[in-house]
Amino acid sequence: MAKINCIGILTSGGDAPGMNAAIRAVTRMAIYNNLRVIGIKRGYYGLVYNEMEEFTTKSVSNIIQQGGTILKTARCKEFTTAEGRAKAYENMTSAGIDALVVIGGDGSLSGARIFAEEYDVPIVGLPGTIDNDLGGTDRTIGYDTALNTIVDAVDKIRDTATSHERLFLVEVMGHMAGYLALNGAIASGAEAAIIPEMETEIDQLGDLINRGFRKSKNSAIVLVAENPTTGGAMGLAQRIKEEFPEYDARVTILGHLQRGGSPTAADRILSSKMGAQAITALMEGQRNVMIGIKNGDLVYVPFSKATQHNSSIDRGDIDLVKILSI
Ligand code: F6P
């Protein structure tokens, strides 16, 4: 196996709080081990169009607390073509990069998998997405911060919902995974969570709403996971308007504010440990794996498993939301 001297690092897909902490950890762990680091801009776009810069320990100073990604990010169409990946490989080798660390979600890691197979490039991935939907890991970088942002927002919505005795549908992100909606509901004491993993019939919905309104507060908050098939919270509001016109439902779509903000301590720690482990993994000869965390231990997850949509929602948690909101 050829010795690795220079690591390229990129962030790709939707940004997630903690990506900067991961960039910092990868860079500093690499330099500590006498490896060069090259920062690649705008995800795979920077590989295809040669936008890269040499990183020093100073390049990653004062970023651990920042949301977003100093490397910028993108969803790069060119990299999905064989020509794009050929250009990427040429630029990468010309820059002297002999291994990559890719921080991103399922699309980004799928891209890494194809590139690694085609060009025999050692790549280690880090799970960077607020959705928590990657296989083989209990947590993804950014999930905890996004969850806290949701809880903070729902606490505020609760004030106005209570005052006006209204039903609120709060739509959260998740990319067809219900973790943010379900755990957001548990943490904010919401009356229900509507998640893509479970079909919600209109009569069930009526039951949920009625239960919510039986509470002394006379208001209800339902967390709804985004869902292009059903129209998410807007689609649900329309159904409620048709079936239960007595409820004057309001919709709040939290949107991209869930991706911003300073990462929580939990995300900073996860990013730092995973980032450092990515370098250890490459030096150990690991390739085409994502760093995951299982029961508190860092693990290597093959890309083929990491990119399998993870929707192992605990049914007991769905019941818990109901039981605790009686
Ligand atoms: O994957 C992260 C995510 O924030 C999803 O929750 C959401 O569906 C998607 O990205 C939004 O992507 P964009 O920023 O391209 O609109």
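If you're wondering where the values come from, they're calculated on a predicted model, not measured in any experiment.

Each value, and the rule that gives it
Along each chain, residues carry numbers from 1 onward, in the same order as the chain's sequence is written. Totals for whole chains, interfaces and linings use every residue, but because this is a predicted model, local features are given only for residues with pLDDT of at least 70 and side-chain atom pairs only at 80 or more, for both listing and counting. The side-chain values count all of the structure's non-hydrogen atoms but skip hydrogen atoms and water molecules. We call two strands paired when DSSP finds no fewer than two bridges between them. In this text, helices come from DSSP runs of H or I with a minimum length of four residues, and strands from runs of E with a minimum of two, each type numbered from the N-terminal end. Axis lines are fitted to C-alpha atoms, over the contacting stretch for helices. Their N-to-C directions set the angle, which ranges from 0 to 180 degrees. Burial classes follow relative accessibility: with a 1.4 Å probe on protein chains only, a residue under 20% of its type's maximum area counts as buried, one over 50% as exposed, and anything between as partly exposed. Between two residues, a contact is recorded if the distance between any of their heavy atoms is within 4.5 Å. By definition here, a helix of n residues has an expected span of 1.5 Å times n minus one. As used in this record, nonpolar core signifies buried Ala, Val, Leu, Ile, Met, Phe, Trp, Tyr and Cys residues forming a set joined through side-chain atoms within 4.5 Å. In this analysis a 1.4 Å probe is tested at points of a 1 Å grid over the protein atoms alone, and where it fits but cannot get out there is a cavity; an open set with protein on both sides within 12 Å along at least five of seven lines is a pocket; lining residues have an atom within 4 Å of a point. Grid points are joined across faces, edges and corners, and a volume is the space filled by probe spheres set on the points. Asp, Glu, Lys and Arg are counted as charged, while Ala, Val, Leu, Ile, Met, Phe, Trp, Tyr, Cys and Pro are counted as nonpolar; the rest, among them Gly, fall into the polar class. Only a single heavy atom is needed: when it lies within 4 Å of a molecule or strand, its residue is near that molecule or strand. By the criterion applied in these results, polar contacts are pairs of N or O atoms within 3.5 Å in which, for protein atoms, one can donate a hydrogen and the other can accept it, and in which residues neighboring in sequence qualify only through two side-chain atoms. In these tables, accessible area is a Shrake-Rupley quantity obtained with a 1.4 Å probe, and a residue counts as shielded only by the protein chains included in the view. In this scheme, a molecule is assigned to a cavity or pocket if more than half of its atoms are within 2 Å of the grid points.

1. Some remarks on the sheet that holds strand 8 (residues 220-225)
Across the sheet, which stays open at both edges, the four strands sit in the order 7-8-6-9 with parallel pairing between neighbours. With one partner strand each, in any of the chains shown, strand 7 (192-194) and strand 9 (250-253) form the two edges of the open sheet. Direction aside, the axes of adjacent strands within the sheet are offset by 20° on average. Sheet analysis places strand 7 next to strand 8, joined by three bridges and oriented parallel. Bridge pairing in strand 8 links Ala 193 to Leu 223.

2. Remarks on the environment of Gly 128
Looking at where Gly 128 falls in the secondary structure, it is placed in the loop between strand 5 (123-127) and helix 5 (143-164). For Gly 128, a relative accessible area of 1% translates into the label buried. Once the C-alpha coordinates of Gly 128 and Ile 240 are considered, the two residues, 112 residues apart in sequence, prove to be 35 Å apart. If we ignore the near neighbours within four places in the chain, the residues touching Gly 128 are Gly 14, Ala 16, Met 19, Ile 103, Gly 104, Gly 105 and Ile 141.

3. Description of helix 1 (residues 19-32)
If you check helix 1, its first and last C-alpha atoms are 20 Å apart, about what 14 residues at 1.5 Å a residue would give, namely 20 Å. Among the residues of helix 1, those classed as buried are Met 19, Asn 20, Ala 21, Ala 22, Ile 23, Ala 25, Val 26, Thr 27 and Ala 30. Lining the buried residues of helix 1 we find strand 1 (6-11), strand 2 (36-40), strand 3 (52-55), strand 4 (99-104), strand 5 and helix 9 (265-284). Taken from the residues just after helix 1, Asn 34 is the one with a positive phi, measuring 60°.

4. Thoughts on unusual backbone geometry
Residue Asp 120 is not a glycine yet carries a positive backbone phi of 55°. Along the polypeptide, Asp 120 turns up in the loop between helix 4 (106-119) and strand 5. In this structure, Asn 288 takes a positive phi of about 60° despite not being glycine. Mapped onto the fold, Asn 288 is located in the loop between helix 9 and strand 10 (289-294). What makes Asn 288 partly exposed here is its relative accessible area of 25%.

5. Quick word on the nonpolar core
Counting 59 residues, the largest nonpolar core has Ile 7, Val 101, Leu 126, Leu 180, Ile 221 and Leu 223 as its most contacted members. Top contributing element to this core by residue count: helix 5, with eight residues. What Ile 221 contacts, discounting residues up to four positions off in sequence, is Val 154, Ile 157, Arg 158, Ala 161, Phe 168, Val 170, Ala 190, Glu 191 and Ala 192. In terms of nonpolar packing, the next biggest core, distinct from the first, is built from 25 residues, Ile 40, Val 48, Phe 79 and Ala 88 among them.

6. Thoughts on the layout of surface pockets
The gaps of empty space that remain are located by a probe, the size of a water molecule, rolled over the atoms. Size it by volume and the largest pocket reaches roughly 540 Å³. Gly 13, Arg 75, Asp 106, Gly 107 and Ser 108 are, among the 29 residues lining the largest pocket, the residues nearest its centre. It is helix 4 that contributes the most residues to the lining of the largest pocket, six residues altogether. Across the lining of the largest pocket, the residue classes break down as seven nonpolar, 13 polar and nine charged.

7. Remarks on the sheet that holds strand 1
Pairing between sheet strands relies on hydrogen bonds along the backbone, with the strands arranged either parallel or antiparallel. Reading across the sheet, the seven strands line up as 3-2-1-4-5-10-11 and stay open at both edges, with mixed pairing between neighbours. In this open sheet, the two strands that pair with only one neighbour each are strand 3 and strand 11 (297-302). The sheet shows a mean angle of 30° between the axes of neighbouring strands, direction not considered. For strand 5 and strand 10, the ladder comprises two bridges, and the chain directions are parallel. Paired with Val 124 across the strands is Val 289, a residue of strand 10. The strands that helix 4 touches are strand 4, strand 5 and strand 10; relative to strand 4, the one it contacts most, it runs at about 160°.

8. Considerations on the site of the ligand
Every residue near the ligand is listed here: Arg 75, Thr 129, Asp 131, Met 173, Gly 174, His 175, Glu 226, His 256 and Arg 259. Measuring from an oxygen atom of the ligand, one finds a side-chain N or O atom of Arg 75 at 2.9 Å. A total of 400 Å² of accessible area belongs to the ligand in isolation, and the protein chains cover 71% of it. In this structure the site holding the ligand corresponds to the largest pocket. Taken together, the residues of the shell around the ligand break down into one nonpolar, four polar and four charged.

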